[in-house]
Amino acid sequence: MNDKITRLNTTQGDFDSALAKLLAWDDSVDHQVNESVRHILRDVKTRGDAAVLEFTEKFDRLKVGSMAELEMGQERLQEALERIPQDQRVALEKAAERVRGYHERQNQKSWQYQDEDGTILGQKVTPLDRAGLYVPGGKAAYPSSVLMNAIPAKVAGVAEVIMVVPTPDGVVNDMVLAAAAIAGVDRVFTIGGAQAVAALAYGTETVPSVDKIVGPGNIFVATAKREVFGVVGIDMIAGPSEILVICDGKTDPDWIAMDLFSQAEHDEQAQSILVSSDADFLDAVEASINKLLPTMEREDIIRTSMLGRGALIKVADLKEAAEVSNRIAPEHLELSVEDPQAMLDDIRHAGAIFMGRYTAEALGDYCAGPNHVLPTSGTARFSSPLGVYDFQKRSSLIGFTPEGADRMGRVASVLARGEGLTAHARSAEYRIKD
Ligand SMILES: NC(=O)c1ccc[n+]([C@@H]2O[C@H](COP(=O)([O-])OP(=O)(O)OC[C@H]3O[C@@H](n4cnc5c(N)ncnc54)[C@H](O)[C@@H]3O)[C@@H](O)[C@H]2O)c1
Ligand SMILES: N[C@H](CO)Cc1c[nH]c[nH+]1
Ligand SMILES: [Zn+2]
């Protein structure tokens, strides 16, 4: 690298502000993105398909006469499945099997119990009627994201799964369509960005409106999802990828450099951070970064990301490494240390935790089993990986017996009168025995 990657040390006086600066977004970029996304959302809401077609031409350089041309029917998905090379099909099917196996364990069941009066209390779990899946496709195509979005939806029992994926310059990726066939996606539209989020949220003449939009994407997609929340549900803000590696200094520096690159190559705005107490090891990883960078296919994206948002941070020990990591709340956390289990109690905020030197984050992206759609930008402080629970909702169940209505009616009556709500009180009192 011509310029040097950011080096921080927790002992430096301005560490807190330097870290905050590293994690902060450029406000002026934020403002422009917000403006542009709001304009797109308004336009699609008002003009439907016509606006989606115009934005698709503008941002994806794809001009077609009608939205129908942007829908990939089931036959097209099956064709893609049959056309892809056998090794790709086998790998997709193997990954799908592992992702399904993991997510089946998340399936929630309805439950009921009876209290001492025979009153029934419980929770009814219902899948969403229709879910919208955003699969990114700007700088790279993501067949793995198709599986990660669609399989939990299907395991949850969602009746209709609508997928959107941009195809810049009209280049359709057969592996993406094949993955949709394997996962059982119901409808696929080759649209992306904020215009696709708007189409799913508001519906157009061709794209049906959905109940919830899930899936990762770039800053335009993440901002659009934030804006439409309330009209539809969203899973989380899953924006540009991030990795934080805590290393005890005993892993091959080339492995760590490549783990950092693995997320940096997604996006210029991706973030890769290494934390270690071993200063010599930080130097060794920096040397590996410089050595390996020219060998990378996506060298420019990685360079921009590593220089702009990457950092090597020196800490006192593993305890302090965990504290720094908790402040960042990374999407992916690699514990490249001798005894990762021993560190788990200290780790409080991370989308996914990869334990041990042999657990490359990249395996989690494809085939470990857990979901790779994870909270970014510090939102792991309060949100979780995409899962079956994102496609199910819960209704409370309450069924009083006459005895229960009598006993609890008296309690409700007192509380309602305390709130000055006499209709509530009298409604409960009607059911109290004389
Ligand atoms: N968190 C996760 O689970 C996860 C998983 C996979 C990928 N990712 C992230 O998803 C992102 C994928 O980004 P991408 O760009 O490759 O694909 P994308 O599909 O998210 O975005 C492409 C779309 O962005 C829109 N766009 C581009 N420039 C625009 C502009 N100037 N104005 C308005 N709209 C514009 C276009 O409509 C285009 O279709 C990356 O940041 C990657 O790190 C995250
Ligand atoms: N690392 C991404 C989530 O941030 C997921 C992904 C898909 N393909 C490769 N990686
Ligand atoms: Zn990745």
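Residue numbers run consecutively from 1 along every chain, following the written order of its sequence. Labels are handed out in written order, letters beginning with A for the chains and numbers beginning with 1 for the ligands. Owing to the predicted nature of the model, reporting of local features is limited to residues with pLDDT of at least 70; listing and counting of side-chain atom pairs is limited to 80 or more, with chain, interface and lining totals taken over all residues. Hydrogen atoms and water are omitted, and side-chain values are computed over all heavy atoms in the structure.

### Points about the environment of alanine 91
Each helix corresponds to a stretch of at least 4 residues labelled H or I by DSSP, and each strand to a stretch of at least 2 residues labelled E; elements are numbered beginning at the N terminus. Take alanine 91: it is sitting in helix H5 (residues 86–104). Counting along the chain gives 268 residues from alanine 91 to threonine 359, while the straight-line C-alpha distance between them is 19 Å.

### A closer look at the domain arrangement of the protein chain
As used throughout, domain bounds are those supplied by an automatic or database domain assignment. Partitioning the protein chain into structural domains gives domain 1 (6–25 + 239–368), domain 2 (29–109 + 127–234) and domain 3 (400–430). Just the C-alpha atoms count here: the centres of domain 1 and domain 3 sit 57 Å apart.

### Quick look at the nonpolar core
Soluble, globular proteins show a tendency: their nonpolar side chains are buried together. Residues Val146, Leu147, Met163, Val185, Val188 and Phe391 are the most contacted members of the largest nonpolar core, which totals 43 residues. For this core, the secondary structure elements donating two or more residues are helix H4 (74–83), H5, strand S5 (130–134), helix H6 (143–156), strand S6 (160–164) and helix H7 (174–183). Ignoring anything within four residues of it in the chain, the contact list for leucine 147 reads Leu92, Ala95, Ala96, Val99, Pro152, Ala179 and Ala183. Only buried residues count toward a nonpolar core, which is a set of Ala, Val, Leu, Ile, Met, Phe, Trp, Tyr and Cys residues joined through side-chain atoms within 4.5 Å. Think of it in three bands: residues with accessible area under 20% of the maximum for their type are buried, residues over 50% are exposed, and the middle band is partly exposed, with areas taken using a 1.4 Å probe on protein chains only. Residues Val37, Met67, Ile191 and Val210 belong to the second largest nonpolar core, which totals 32 residues. In what follows, a contact means two residues having at least one pair of non-hydrogen atoms within 4.5 Å.

### Re the sheet that holds strand S15 (residues 392–399)
Two strands pair under a simple rule: DSSP has to find at least two bridges between them. Spatially, S3-S4-S15 is the arrangement adopted by the three strands of the open sheet, whose pairing is antiparallel. Of all the strands in the sheet, the pair left with one neighbour each is strand S3 (111–114) and S15. Taking each pair of neighbouring strands and ignoring which way they run, the sheet shows an average axis angle of 15°. As paired elements, strand S4 (residues 120–127) and S15 share eight bridges and run antiparallel to each other. In the sheet register, lysine 124 faces S15, and the bridge partner there is serine 395. Note on geometry: axes are C-alpha line fits, over the in-contact stretch for helices, and angles between N-to-C directions span 0 to 180 degrees.

### Re the sheet that holds strand S1 (residues 6–9)
Pairing in this open sheet of six strands is parallel, and the strands run S1-S12-S11-S10-S13-S14 from one edge to the other. The sheet is open, and its two borders are formed by S1 and strand S14 (352–355), each paired with just one other strand. Geometrically, the sheet is characterised by an average inter-axis angle of 20° between neighbouring strands, direction not taken into account. With four bridges connecting them, strand S13 (residues 332–336) and S14 associate as parallel partners. Of the residues in S14, the one forming a bridge with leucine 333 is isoleucine 353. With respect to the sheet, helix H11 (residues 279–292) is in contact with S1, strand S10 (242–247), strand S11 (271–276) and strand S12 (311–314), its orientation differing from that of S12 by roughly 170°. In this fold helix H13 (residues 318–328) packs onto S10, S11, S12 and S13, with an angle of close to 170° to the strand it touches most, S10.

### Brief notes about the site of ligand 2
In the region of ligand 2, the neighbouring residues are Tyr142, Ser144, Ser241, Gln263, His266, Glu331, His332, Glu361, Asp365, Tyr366 and His372. Two N or O atoms form a polar contact when they lie within 3.5 Å of each other; inside protein one atom must be a possible hydrogen donor and the other a possible acceptor, and for residues adjacent in sequence the pair counts only when both atoms belong to side chains. A distance of 3.1 Å separates a nitrogen atom of ligand 2 from a polar side-chain atom of histidine 266. Side-chain polar atom of glutamate 331 to an oxygen atom of ligand 2: 2.7 Å apart, as the coordinates give it. Per-residue accessibility takes into account occlusion by the displayed protein chains alone, with areas from the Shrake-Rupley method and a 1.4 Å probe. Burial of ligand 2 by the surrounding chains reaches 92%, relative to a free accessible area of 290 Å². Here the shell around ligand 2 takes three residues from helix H15 (residues 361–366), the largest share from any one element. The nonpolar class holds Ala, Val, Leu, Ile, Met, Phe, Trp, Tyr, Cys and Pro. Asp, Glu, Lys and Arg form the charged class, and all remaining residues, Gly among them, are polar. Looking at the shell around ligand 2 residue by residue, the class counts come to two nonpolar, six polar and three charged. If a single non-hydrogen atom of a residue is within 4 Å of a molecule or strand, that residue counts as near it.

### Some remarks on the site of ligand 1
Taken together, 30 residues surround ligand 1, and among them Tyr134, Lys139, Asn218, Asp267 and His372 come closest. Tyrosine 134 is positioned with one of its side-chain polar atoms (N or O) 2.7 Å from an oxygen atom of ligand 1. Lysine 139 has a polar backbone atom sitting 2.7 Å from an oxygen atom of ligand 1. Here ligand 1, which alone exposes 860 Å², has 89% of that area covered by the protein. Residue assignment for the shell around ligand 1 shows that the elements contributing at least two residues are helix H3 (49–60), helix H8 (193–202) and helix H9 (219–228). Here the shell around ligand 1 is composed, by residue class, of 13 nonpolar, 13 polar and four charged. Split by domain, the shell around ligand 1 shows at least three residues from each of two domains, domain 1 (6–25 + 239–368) and domain 2 (29–109 + 127–234).

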